[in-house]
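This is what each chain is made of:
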Amino acid sequence: MKYRIEIKPPDITPYRNGNTGVDYVHVLDSGKPGPNVMVQALTHGNEFSGAIALDFLFHEKIRAVKGKLTLAFANVAAFARFAFDDPDRSRFIDEDYNRVWADAVLGGSRDSAELRRARELRRFVDAADYLLDLHTMTEPCRPIMVCGMLDKGAEFARRVGVPADLLIDTGHPAGLRMRDRGGFGDPSSPKNALLIEAGQHWEKSSVEVAIDTTLRFLQVTGVVDAAWARSRLRLDPPQKQRVVRVTEPITAASASFRFARSWKGLEVIERAGTVIASDGDKVWRTPYDDCVLVMPSTAHVKPGNTMVRLGRYE
């Protein structure tokens, strides 16, 4: 299904020449002790609400008051080929940039546009104490904070205070995400990372969520002035936050994967045994009562890709 594109891709060319020697990467150094914080947009080239959020920060003359703040536009090559008549084409050039973050992949012999870019940004990611990765979703759905595979991510998201739905998941079978790399995925490390799914790719509301979440994240890390961040908040926080703990991902075995109906995401299926999808002769059913469907989508049906995650509200 095609969705209306309510927002325009921002002009990011003014941000090409940063101060790091790497295109579209800027480090704001306070010169004072403090955390190393990173915010990344355009992990996927068709998800540009995050790029609008970074553009907003630059226009608001953001500065670090302690530690360092890295602002990065990631897959700019994919973003550059965005077209309104085929918007999903700009998701990536050769492969998903957010599945290449294992050491064996980054240090291996494989080559792709996304791997080359990840290798450029690796040093910034590895230096970060706190990371926020700005994303959006294929299907209309209320925002979800992907907290990774560890409880420390959900605890951090509760400090940020948004959104209402927090996800503890099992990762992606297709490859390691940036937010799970190194200390971010180590329960003994003080490092922490969050990934916000701000809404459907091209809804106006996704921009509001991306900006608001980024400001709250920066405020919690202490890298920016708290009053500066508070005065620019866009949205009221939810009255409560709930954790969805994923029990299993459903991955496509073939290109014939289909959902039983048009799921939108975060539906709670009351009865175990309810048919949710099929893949050739394989029929997928809910394994327990009150099963939550997390980010179902057939926009990228390919063997090995995650089509939906199954979980429970805690």
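Our subject is the structure that appears above.
Residues numbered from 1 in each chain as written. Predicted model: local features only at pLDDT ≥ 70, side-chain atom pairs only at ≥ 80, totals over all residues. Heavy atoms only, no water.

### Re the side chain of Glu95
Moving on, step 1. One can find Glu95 in the loop between helix H2 (76-79) and helix H3 (103-106).
Moving on, step 2. Judged by relative accessible area, Glu95 falls into the buried class, the value being 19%. (Helix = DSSP H or I, 4+ residues; strand = E, 2+ residues; numbered from the N terminus. Buried < 20%, exposed > 50% of the residue type's maximum accessible area, 1.4 Å probe, protein only.)

### Regarding helix H5 (residues 151-160)
Moving on, step 1. Buried within H5 we find Lys152, Gly153, Ala154, Phe156, Ala157 and Val160.
Moving on, step 2. At its buried positions, H5 is contacted by strand E4 (130-137), strand E5 (144-146), strand E6 (165-168), strand E7 (192-200), helix H6 (204-221) and strand E8 (242-251).
Moving on, step 3. The first or second residue beyond H5 is Gly161, which carries a positive phi of 95°. (Contact = heavy atoms within 4.5 Å.)

### Let's talk about the environment of Gly185
Moving on, step 1. Tracing the sequence through the fold places Gly185 in the loop between E6 and E7.
Moving on, step 2. Owing to a relative accessible area of 32%, Gly185 belongs among the partly exposed residues under this scheme.
Moving on, step 3. Along the sequence, Gly185 and Leu150 sit 35 residues apart, while their C-alpha atoms lie 7.1 Å from each other.

### A word on unusual backbone geometry
Moving on, step 1. A cis amide bond links Val162 with the next residue in sequence, Pro163, at an omega value of -10°.
Moving on, step 2. Residue position: Pro163 is located in the loop between H5 and E6.
Moving on, step 3. Phi is positive for Leu42, close to 60°, though the residue is something other than glycine.
Moving on, step 4. By the element assignment, Leu42 lies in the loop between strand E2 (36-41) and helix H1 (49-59).
Moving on, step 5. Leu42 gets classed as buried once you look at its relative accessible area, which sits at 0%.
Moving on, step 6. Phi is positive for Met295, close to 50°, though the residue is something other than glycine.
Moving on, step 7. Along the chain, the position of Met295 falls in the loop between strand E13 (291-294) and strand E14 (306-313).
Moving on, step 8. Judged by relative accessible area, Met295 falls into the buried class, the value being 18%.

### What about the nonpolar core?
The nonpolar side chains of a soluble globular protein tend to be buried with one another.
Moving on, step 1. Core analysis: the biggest nonpolar cluster contains 52 residues, and Leu69, Phe73 and Leu218 have the highest contact counts within it.
Moving on, step 2. Dropping the residues within four chain positions of it, Leu69 is found in contact with His26, Val27, Leu28, Val37, Val39, Ile62, Ala64, Leu218, Val223 and Val224.
Moving on, step 3. Judged by nonpolar contacts, the second largest core, of 21 residues, contains Val22, Ala74, Trp101 and Ala193. (Core = buried A, V, L, I, M, F, W, Y, C linked by side-chain atoms within 4.5 Å.)

### Quick look at the sheet that holds strand E12 (residues 282-285)
Moving on, step 1. What the three strands build is an open sheet, ordered E9-E11-E12; its pairing is antiparallel. The two strands at the open ends of the sheet, each matched to only one other strand, are strand E9 (258-259) and E12.
Moving on, step 2. Pairing of strand E11 (residues 275-279) with E12, which is carried by four bridges, proceeds in the antiparallel orientation. Bridged to Asp279 within E12 is Lys282. (Pairing = 2+ DSSP bridges.)

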